[in-house]
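These are the residues of each chain, in order.
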Amino acid sequence: MDTTPFIATTAIPIKYTTTWEAPSNIALIKYWGKYEPQLPKNPSLSFTLTSSKTKTKVIFTPHTKNEIDFEFYFHGETKPDFKPKLSKFFDRIHNYIPWIFKYHLEIHSENSFPHSSGIASSASSMAALSLCLTDLEQQLFPEMDQAFFSQKASFLARLGSGSAARSIQGPVTLWGKNEIHKNSSDLFAVPFGTSLNPVFKEYQDTILLVDKGSKSVSSTQGHNLMHGHPFAENRFQQASTNLNALVPIMESGALEDFIHLVELEALSLHAMMLTSSPYFILMQPNTLAIIQKIWEFRKETSVPLCFTLDAGANVHLLYPNQNIEVIHSFIKEELSPYCQNRQYLFDAVGTGAKKV
Ligand code: PMV
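Residues numbered from 1 in each chain as written. Predicted model: local features only at pLDDT ≥ 70, side-chain atom pairs only at ≥ 80, totals over all residues. Heavy atoms only, no water.

**Describing helix α6 (residues 232-252)**
Selection rule: Helix and strand definitions follow DSSP, with helices as H or I runs of at least four residues and strands as E runs of at least two, each counted in order from the N terminus. In a helix, the anticipated span is given by 1.5 Å times the number of residues less one. Per-residue accessibility, obtained with a 1.4 Å probe over protein chains only, is compared with the maximum for each type, and a residue is labelled buried under 20%, exposed over 50%, and partly exposed between these values. Residues are treated as being in contact if the distance between any of their heavy atoms lies within 4.5 Å.
An ideal rise of 1.5 Å per residue puts 30 Å on 21 residues; α6 measures up with 31 Å between its terminal C-alpha atoms. Within α6, burial applies to Ala232, Arg235, Phe236, Ala239, Asn242, Leu243, Leu246, Val247, Ile249 and Met250. Close packing links the buried residues of α6 with β1 (16-29), β4 (44-62), β8 (172-175), α4 (198-201) and α7 (255-274). Positive backbone phi, approximately 80 degrees, marks Gly253, located one or two places after α6.

Given below as structure tokens:
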């Protein structure tokens, strides 16, 4: 894969401060399985969210040390345990942003969602930081156009956390080479495009916080267990087939078919976990109880509410904006008892990252 278009040159350093907000995203077609350097084994598609986001400010100060040099603050406090992950990120990306050696970076980051809510922040945080880096690069090289700006930010974010590639733009993005979108790439995510049915631009995502603790198996470990997994090749094929089936549904707005594929993908992701060696289970009894409740509710009411799952026990409830009222009372009365401290977060599909 040719990554040369993403390799910048150096330029005379400038002092610069910038702040970006990047949202989290929730995959409908799941990415699970990768190869170096952070390339997906199958294409994925996600809703970009609105309320669950990371805000990151970077103060770039020129220096003459000729090394990568940064300080990191999370909600105003230094976090030494975050440093190794960031160092690894900079190691992976410095070839593409060689000007980085001429700067000291002061990075300030905060999440909109509660700390330890079980919501992964790697997508939004890597996207927000990558946008700050790309922003400085655009100041250094003003000929960079907006399309390339988004691609480069997604390219860098991907090297931090695969799914972060999908947190730059909205409302729906695709990451991974696929037959349907001719400009798709394994290197960065692209927007779904103008043919998206309007119902999905206002789709709702309520995140039921079933387990707010940290995961017993990280997504890095989970991805690694796809190497040599007996069902891996079939899973990668299934994801591509499901994507090809989902794209026309995203255009037509056929919600019954949407629900079928989205739930199939969520359960297929967790099936890979159940059948890895060593095997593991990230769902909790309450995750299953919620799924049963959703299925009963749908059968009784025909309201198009469905679920998807991330690599964790929390349940994302997906539904059209026009069904908000009935679903909110269902959540409050029937589903909140299965959430830790009855907590859940309202979110919705959004338009992508923003400069603050
Ligand atoms: O970006 P990572 O390495 O945290 O992997 C994300 C994996 C899933 O969230 C389970 C699926 C996805 O496509 O977002």
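**Concerning the domain arrangement of the chain**
Rules: How far each domain reaches was decided by an automatic or database domain assignment. Buried area: the sum, over both parts, of the accessible surface (1.4 Å probe) that disappears when the two are put together. Throughout this description, the term salt bridge denotes a Lys or Arg side-chain nitrogen within 4 Å of a carboxyl oxygen of Asp or Glu. Throughout, the ten residues Ala, Val, Leu, Ile, Met, Phe, Trp, Tyr, Cys and Pro are labelled nonpolar, Asp, Glu, Lys and Arg are labelled charged, and all others, Gly among them, are labelled polar.
As far as domains go, the chain holds domain 1 (4-196) and domain 2 (199-348). Taken together, the contacts link 34 residues of domain 1 with 44 residues of domain 2. Each partner contributes to the roughly 3,400 Å² buried at the junction of domain 1 and domain 2, and carbon and sulfur atoms together form 69% of this total. When the buried surface of domain 1 facing domain 2 is broken down by residue, Ile29, Lys30 and Trp32 rank first, second and third, together holding 24% of it. Applying the counting rule to domain 1 against domain 2 returns zero salt bridges. Of all the secondary structure elements, the ones that give two or more residues to the side of domain 1 that touches domain 2 are β1, β4 and β8. If one sorts the elements of the side of domain 1 that touches domain 2 by residue count, β4 sits on top with seven residues. Considering only residue class, the side of domain 1 that touches domain 2 consists of 19 nonpolar, eleven polar and four charged.

**Brief notes about the packing of α7 against helix α8 (residues 285-301)**
How we decide: Here an axis means a line fitted to C-alpha atoms, over the contact stretch when the element is a helix, while the angle between two N-to-C directions is reported on a 0 to 180 degree scale. Relative orientations are named as follows: roughly parallel for angles under 35 degrees, roughly antiparallel for angles over 145 degrees, roughly perpendicular for angles from 65 to 115 degrees, and oblique for any other angle. Two helices that cross are described as forming a left-handed crossing if the nearer one is turned anticlockwise from the farther one by less than a right angle, and a right-handed crossing if clockwise.
One way to put it is that α7 packs onto α8 with a least axis distance of 14 Å and a crossing angle of 165 degrees. By the criterion of interaxial angle, the relationship of α7 to α8 is roughly antiparallel. Considering only the axes of α7 and α8, their crossing is left-handed. Across from Ile259, Glu263 and Leu267 in α7, the residues of α8 making contact are Ile291, Ile294, Trp295 and Arg298. In the contact of α7 with α8, the residues fall into five nonpolar, no polar and two charged.

**Looking at the state of the cysteines**
Worth spelling out the cut-off: In this description, the term disulfide denotes a pair of cysteine sulfurs within 2.5 Å.
According to the stated counting rule, one finds zero disulfides in the structure shown. Here Cys339 stays free of any disulfide, with the sulfur of Cys306 as its closest cysteine sulfur at 17 Å.

**Some remarks on the site of the ligand**
To keep things clear, this is the line we draw: If a single non-hydrogen atom of a residue is within 4 Å of a molecule or strand, that residue counts as near it. Any N or O atom pair separated by 3.5 Å or less is treated as a polar contact, with the protein-specific requirement of one donor-capable and one acceptor-capable atom, and with residues adjacent in sequence counted only for side-chain atom pairs. Here the accessible surface of atoms and residues is derived via Shrake-Rupley with a 1.4 Å probe, and residues count as covered only by protein chains that are part of the display.
Close contacts around the ligand come from 13 residues, with Tyr31, Ser163, Arg166, Ser219 and Asp310 the closest. Arg166 is positioned such that a nitrogen or oxygen atom in its side chain is 2.7 Å from an oxygen atom of the ligand. Asp310 places a side-chain nitrogen or oxygen 2.7 Å from an oxygen atom of the ligand. Against a free-state accessible area of 380 Å², the protein chains account for coverage of 92% of the ligand. Classifying every residue of the shell around the ligand by side-chain character gives five nonpolar, five polar and three charged.

**A closer look at the pairing of strand β7 (residues 103-111)**
Note the following rule: In this scheme, strands are said to pair when DSSP sees at least two bridges between them.
In the sheet, β4 pairs with β7 via nine bridges, with the strands oriented antiparallel. Residue pairing in the sheet places Pro62 in a bridge with Tyr103 of β7. Summarising the sheet, strand β5 (residues 69-74) and β7 pair through six bridges and their orientation is parallel. Along β7, the bridge assignment pairs Phe70 with Leu105.

**Digging into the pairing of β5**
Across a regular strand the side chains alternate sides, sitting on one face of the sheet and then on the other. Burial of β5 is extensive: five of the six residues sit out of reach of the surface. One ladder, built from two bridges, connects β5 with strand β6 (residues 77-78); its direction is antiparallel. Among the inter-strand pairings, Tyr73 is bridged to a residue of β6, identified as Thr78. Hairpin geometry of β5 and β6 is characterised by an intervening segment of two residues between the two adjacent antiparallel strands and by a positive phi of about 50 degrees at His75.

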